[in-house]
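# Secondary and tertiary structure notes
These are the residues of each chain, in order.
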Amino acid sequence: MTQAPTPTADTVRRLVRSLLKEGGDGTAGPDVRPVTEGGEHSTWWVGTRHVLRLAPDREATVRQRRELRLRDLARPHLPVAVPASVAHGEWAPGLGYTLDTAIPGGSAEEHDVSAVGEADLAGLLTGLRAVPVRQVEALGVSRTAPRSLEALRRMAVHAAERLAAADEFDAGRLHQLTPPGAAQLAAQSGTAVLVHHDLKGEHLVVSADGRVRGVLDWTDAALGDPAEDIAGLVLAVGSGAAVRAATLAGYGPRPCLRGLWLARCDTVVRLADRLEGRDDSPLPLLRTQLERAWEPILLERLTDFKEDEQES
């Protein structure tokens, strides 16, 4: 198998000069510098107005091309910005690139989301649900089966015991989610919608006034359980803000609580994995996400959802 080339700053400069028609007169052209966050693409800032993403292999190239079409499909339904590609093609044989517009602002890890920003998040969840499923499927976007909350709960119980031994977490907090409670919060059939599936803080563009201005990186988008995006928001902005946004978007107690407990169990498992060397995520971020997910909210008490069974 041929080894894929490794992009360098010179590779990026040459490509950018050809795309933006800058630097051809002997000037340096726009400044290029690598984006520090991780991800499957080699990502570079190009000046202040563009971001260049280079797919590292053919599978990523296929996903990138699908992402471009999906962003165009979703954009009219969303109240927040989605990056637009100003140029795309191949940066090496069989390997794709996209030069996207940069969305001004910081991330949800840098700026707190305001009450108006929560309304922006509600509009995001509402818009995702409005994107026609058949058109999404026609792009080749896959369906993802809902995760078993009970299986995740059992994993989290064991992880919580290990965190308790390390004085990182009170394992008794997981007793709030019982096996019958997890069964009540199983995903309902027929509720699949377009899910971003990676709504972490670094993918939410937030302005200094707390408004949510855009959403980045649609590579992992799928048709699936909307509670996964609620869970992502829990990790990004906290339990209270995420549940308020989901409620404002029309989701009832069941999907809100399901998203909350997916996030809570995930944070416990991931922090335990990190402390035991099975995860390379930044430890401060994992601790912050754990704190956000375990913020107490009014909706926490698991109740009888019989009247809510037909909700999304």
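Residues numbered from 1 in each chain as written. Predicted model: local features only at pLDDT ≥ 70, side-chain atom pairs only at ≥ 80, totals over all residues. Heavy atoms only, no water.

### Focus on the overall build of the protein chain
Secondary structure assignment for the protein chain yields 10 helices and 10 strands. The C-alpha radius of gyration computed for the protein chain amounts to 21 Å, which stays within 12% of the reference 20 Å derived for 312 residues, consistent with globular compactness. Here the protein chain, with 312 residues, has 50% of them falling under the buried criterion. Looking at the protein chain alone, contacts between residues at least 24 apart form 73% of all its contacts between residues at least 6 apart. (Helix = DSSP H or I, 4+ residues; strand = E, 2+ residues; numbered from the N terminus. Rg over C-alpha atoms; globule rule 2.2 N^0.38 Å. Buried < 20%, exposed > 50% of the residue type's maximum accessible area, 1.4 Å probe, protein only. Contact = heavy atoms within 4.5 Å.)

### A word on the pattern of salt bridges
Summed over all chains, the structure comprises 23 salt bridges. Between glutamate 67 and arginine 53 there is a salt bridge whose closest N-O contact spans 2.9 Å. Taken together, the residues span a long stretch of sequence, with glutamate 67 in helix H2 (residues 58-74) and arginine 53 in strand E3 (residues 50-54) at a distance of 14 residues. Residue classification places glutamate 67 among the buried positions, given a relative accessible area of 2%. Residue arginine 53 is classed as buried on the basis of its relative accessible area, which comes to 8%. Notably, a salt bridge pairs arginine 143 with glutamate 137, separated by 2.8 Å at the nearest N-O pair. Judged by its relative accessible area of 34%, glutamate 137 falls in the partly exposed class. A single network of salt bridges, built from pairs that share partners, joins Arg53, Glu67, Arg71 and Asp100. (Salt bridge = Lys/Arg side-chain N within 4 Å of Asp/Glu carboxyl O.)

### Thoughts on unusual backbone geometry
A positive phi angle, near 60 degrees, is found at aspartate 167, a position not held by glycine. On the secondary structure map, aspartate 167 appears in the loop between helix H5 (149-165) and helix H6 (179-184). Look at histidine 197: it is not a glycine, yet its phi comes out positive at around 70 degrees. The class of histidine 197 is partly exposed, set by a relative accessible area of 29%.

### Some words on the side chain of serine 107
If you trace the backbone, serine 107 turns up in strand E6 (residues 106-107). Of the polar contacts made by the side chain of serine 107, one reaches the backbone nitrogen of glutamate 109; its length is 3.1 Å. With residues near it in sequence (within four places) discarded, serine 107 still touches Gly201, Glu202, Leu204 and Val206. (Polar contact = N/O pair within 3.5 Å; in protein donor to acceptor, adjacent residues only side chain to side chain.)

### A look at the sheet that holds strand E5 (residues 95-101)
Pairing is antiparallel in the open sheet, where 5 strands are placed in the order E1-E2-E3-E5-E4. In this open sheet, the two strands that pair with only one neighbour each are strand E1 (32-34) and strand E4 (85-92). Put simply, the sheet's adjacent strands are angled 25 degrees from each other on average, direction ignored. Sheet analysis places E1 next to strand E2 (residues 42-46), joined by 3 bridges and oriented antiparallel. (Pairing = 2+ DSSP bridges. Axes fitted to C-alpha atoms, helices over the stretch in contact; angles between N-to-C directions.)

### A closer look at the sheet that holds strand E8 (residues 204-206)
Read across the open sheet, the 3 strands follow the order E6-E8-E9; overall the sheet is antiparallel. Looking at which strands have only one partner, the edges of the open sheet turn out to be E6 and strand E9 (212-215).

### A closer look at the packing of aromatic side chains
With the rule as written, the count across this model stands at 2 aromatic pairs. The interplanar angle of 85 degrees and the centroid separation of 5.5 Å between the aromatic rings of tryptophan 261 and tryptophan 294 together place this pair among those described as edge-to-face. Of the two residues, tryptophan 261 is situated in helix H9 (residues 253-275) and tryptophan 294 in the segment after helix H10 (283-293); the sequence distance between them amounts to 33 residues. Of the residues examined, tryptophan 261 reaches a relative accessible area of 0% and is grouped as buried. Of the residues examined, tryptophan 294 reaches a relative accessible area of 5% and is grouped as buried. Through pairs of rings, three or more aromatic residues link up here, namely Phe169, Trp261 and Trp294. In this structure, arginine 129 is placed above the aromatic ring of tyrosine 251, and the distance from its NZ or CZ to the ring centre is 4.2 Å. One cation-aromatic arrangement involves arginine 264 over tryptophan 294; the distance from NZ or CZ to the ring centre is 4.8 Å. (Phe/Tyr/Trp six-rings, centres within 6.5 Å; stacked < 30°, edge-to-face > 60°. Lys NZ or Arg CZ within 6 Å of the ring centre and 35° of its normal.)

### Some words on the confidence of the model for the protein chain
Any region with low pLDDT has predicted coordinates that should not be read closely. On average, residues of the protein chain score 91 in pLDDT, and 91% of them reach the 70 mark or higher. Contacts for the low-pLDDT stretch residues 305-312, under 50 throughout, to residues beyond four places or in other chains number 20 contacts. (pLDDT = per-residue confidence, 0-100.)

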